[in-house]
Amino acid sequence: MSTPHQYRPYIEACVEAMNACNLSYVSNLKQYDLEKLCDCIRVNRDCAEVCAFTVQALSQGNSLAAEIAGLCAKACEACIAECSKHEQTYCQDCVEACRRCAEMCRELEGSMALV
C-alpha cells in the first residue's frame, strides 16, 4: 500500500502549481481586458481544482494515484499552453510551476504503471 510520505515531492509540486494557478486566476480577474483572458481564467481554475484533488488523493494513498497523476499532468499541460500566451509575470510563474508539476506527475504515472 502506498503511503502519503512517499508521495511528498509530488504533493509539494501539486500544491505549488495549485497556488500559482490560483494566483494567476485571481490576478487575471483584476485585469481590464477580461475577454482576452477568459480562456486563461477558466484553465487556471480547472487546473487548480485538479491539482487540489490530486493532493487529496495522494495524501490518502488512493489506489488510482497513477491515473489521477496523469489527469493532473494533462491539466497542467493545458495550463502551460494557455498561460504561455500571456506575458504577465504571474502567468509565466504559473507556467513554471505547472511544468514542474506535470513532469512530476508524469514521472509518478510512469513509475506506477510499471508496478
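This is a predicted model, so every value here is computed, not measured.

Trainee: I'd like a rundown of the pattern of salt bridges, residues and numbers included.
Mentor: Counted under the stated rule, the structure contains nine salt bridges. In this structure, the salt-bridge partner of Glu 12 is Arg 8, at a minimum N-O distance of 2.9 Å. With Glu 12 and Arg 8 both in helix H1 (residues 8-29) and four residues apart, this pair spans about one turn of that helix. Accessibility expressed as a relative area gives 39% for Glu 12, which makes it partly exposed. A salt bridge links Arg 42 to Asp 39; the shortest N-O distance between them is 3.9 Å. One end of the pair, Arg 42, and the other, Asp 39, are both in helix H2 (residues 34-59), three residues apart, so they sit about a helical turn from each other. By relative accessible area, which is 40% here, Asp 39 ends up partly exposed. By sharing partners, the salt bridges in this structure join Asp 39, Arg 42 and Asp 46 into a single network.

Rules used throughout
- Residues numbered from 1 in each chain as written.
- Predicted model: local features only at pLDDT ≥ 70, side-chain atom pairs only at ≥ 80, totals over all residues.
- Heavy atoms only, no water.
- Salt bridge = Lys/Arg side-chain N within 4 Å of Asp/Glu carboxyl O.
- Helix = DSSP H or I, 4+ residues; strand = E, 2+ residues; numbered from the N terminus.
- Buried < 20%, exposed > 50% of the residue type's maximum accessible area, 1.4 Å probe, protein only.

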